[in-house]
Amino acid sequence: MIYAKLSTILVILLPLLLFCAFATKIFIIKENFQNKQIEGFSSQNDISYVYWTGGFDSTYRLCEMLVVEKKTVQPIYVSLVLDNDCQSEESCNKLWLRRNRKEERKAMKTIRERLAIKFPYTKTTMLPTLEVDEPIHNQIFNYQFEKNFYSDNLWPKKRRKHQYLFLSKYATYHKKYIDIGVLGIHEGSKFAVFLKNSLRREDNNYVITDNSHPLHYLRFPLYGKSKERLLTDSQIYGFADILQETWSCWFPKNGKACGKCPMCRETNTSIERNKNK
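Read on for an overview of the structure. (Residues numbered from 1 in each chain as written. Predicted model: local features only at pLDDT ≥ 70, side-chain atom pairs only at ≥ 80, totals over all residues. Heavy atoms only, no water.)

Attention shifts here to the pairing of strand E1 (residues 47–51). Taking burial as the measure, the five residues of E1 include five buried ones, the bulk of the element. The side-chain alternation of E1 yields two buried faces, one formed by Ile47, Tyr49 and Tyr51 and the other by Ser48 and Val50. Two elements, E1 and strand E2 (residues 72–78), share five bridges in a ladder whose sense is parallel. In the sheet register, Tyr51 faces E2, and the bridge partner there is Ile76. Taken together, E1, helix H2 (residues 56–68) and E2 form a β-α-β motif whose crossover is right-handed. Where E1 meets strand E4 (residues 178–180), three bridges bridge the pair, whose relative direction is parallel. Within E4, the residue paired with Tyr49 across the bridge is Ile178. (Buried < 20%, exposed > 50% of the residue type's maximum accessible area, 1.4 Å probe, protein only. Helix = DSSP H or I, 4+ residues; strand = E, 2+ residues; numbered from the N terminus. Pairing = 2+ DSSP bridges. Right-handed = clockwise from strand over helix to strand, strands pointing away.)

All right, on to the nonpolar core then. The biggest cluster of nonpolar side chains holds 35 residues, and the ones touching the most others in it are Tyr51, Ile76, Val78, Tyr164 and Phe220. Those elements giving two or more residues to this core turn out to be E1, E2, strand E3 (130–132), helix H5 (139–151), helix H6 (163–174), E4 and helix H7 (190–198). Tallying contributions element by element places H6 first for this core, with seven residues. Counting residues in hydrophobic clusters, the runner-up holds 23 residues, among them Phe56, Tyr60, Leu183 and Ile242. (Core = buried A, V, L, I, M, F, W, Y, C linked by side-chain atoms within 4.5 Å.)

Attention shifts here to the packing of H5 against H6. For the pair H5 and H6, the least separation of the axes is 11 Å and the interaxial angle reads 125°. When the axes of H5 and H6 are compared, the pair comes out oblique. For the element pair H5 and H6, the recorded crossing hand is right-handed. Where H5 abuts H6, its residues Phe141, Asn142, Phe145, Glu146, Phe149 and Tyr150 lie against Tyr164, Leu165, Ser168, Lys169, Thr172 and Tyr173. Grouping the amino acids of the contact of H5 with H6 by side-chain chemistry returns seven nonpolar, three polar and two charged. (Axes fitted to C-alpha atoms, helices over the stretch in contact; angles between N-to-C directions. Parallel < 35°, antiparallel > 145°, perpendicular 65-115°, else oblique. Left-handed = near helix turned anticlockwise from the far one by under 90°. Contact = heavy atoms within 4.5 Å. Nonpolar A, V, L, I, M, F, W, Y, C, P; charged D, E, K, R; others polar.)

Helical geometry: 3.6 residues make up each α-helical turn, so side chains three or four residues apart lie on a common side. Along helix H8 (residues 227–237), the positions that sit buried rather than exposed are Lys227, Glu228, Leu230, Leu231, Asp233 and Ser234. Following H8 by one or two positions, Gly238 adopts a phi angle in the positive range, close to 85°.

The next subject is the side chain of Thr122. Here Thr122 shows up in helix H4 (residues 122–125). In terms of polar contacts, Thr122 uses its side chain to reach the backbone carbonyl oxygen of Leu115, at 3.2 Å. When sequence neighbours within four positions are dropped, the list of residues in contact with Thr122 reads Leu66, Leu115 and Ala116. (Polar contact = N/O pair within 3.5 Å; in protein donor to acceptor, adjacent residues only side chain to side chain.)

Turning to the side chain of Ser198, a few remarks are in order. Mapped onto the elements of the fold, Ser198 is located in helix H7. Ser198 has contacts with Val207 and Ile208, leaving out every residue within four places of it along the chain.

Turning next to the packing of H2 against H8. Here H2 crosses H8 at 35°, and the two axes come no closer than 11 Å. The handedness of the crossing between H2 and H8 comes out as left-handed. Each of Phe56, Asp57, Tyr60, Val67 and Val68 in H2 lies in contact with H8, whose residues at this interface are Lys227, Leu230, Leu231, Asp233, Ser234 and Tyr237. Among the residues forming the contact of H2 with H8, the class breakdown is seven nonpolar, one polar and three charged.

What follows is the structure, encoded as structure tokens:
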């Protein structure tokens, strides 16, 4: 009699126990996925984020955030190939590929050291650089985001892949507002027209208020400024010497700037104009 009752209880409880175990496993998987999504980011709420390459524009914005705005800043360096479908700089034989990651890393190291000497408080307010060297592996998210990204037809058709795709996708995936130090937007391009019509001034920054737009999580703090203006302002705020340590050349030769690529020409022209003022 007792065994019969125990058997009945087990028949009733066993499915319930199996369900609980399955539900717990699903919860753990979900939690691990959510934690993996924000891996590398601090849990602090007062951190500002900026994409940083060690180049002139992004370094100016980094210094502005640290020195002028007195923010705690998380620099993010994307070492992935963003301009074409190559898997890495080393394995790519395409001509139009920025081959300057070694120089960028060296510049960023020097800039961090110089900031720490001249502005000692940046030792704590400038967080360790977060390097992004892997793509987002959520294929469903990738497909949906890329479909939305290209739906506005803002990008040149001759370029199959654009750097803004990953930069905006990464920010959206992690739901982090990230400053992007960009000045070189060609006037008259669809992208330039879009920014002119869509950006709104907010807290010393320019933002896209439409939270459904794929670029919503990017911030454009340098919008409307020139390199000459940045040079002048950096002198006022005392970090012009630090900008001299930046690296912009796309195609260095033996560790030296080529002097011919678009970034070299743009930077040299801006410096000369500033000298002649």
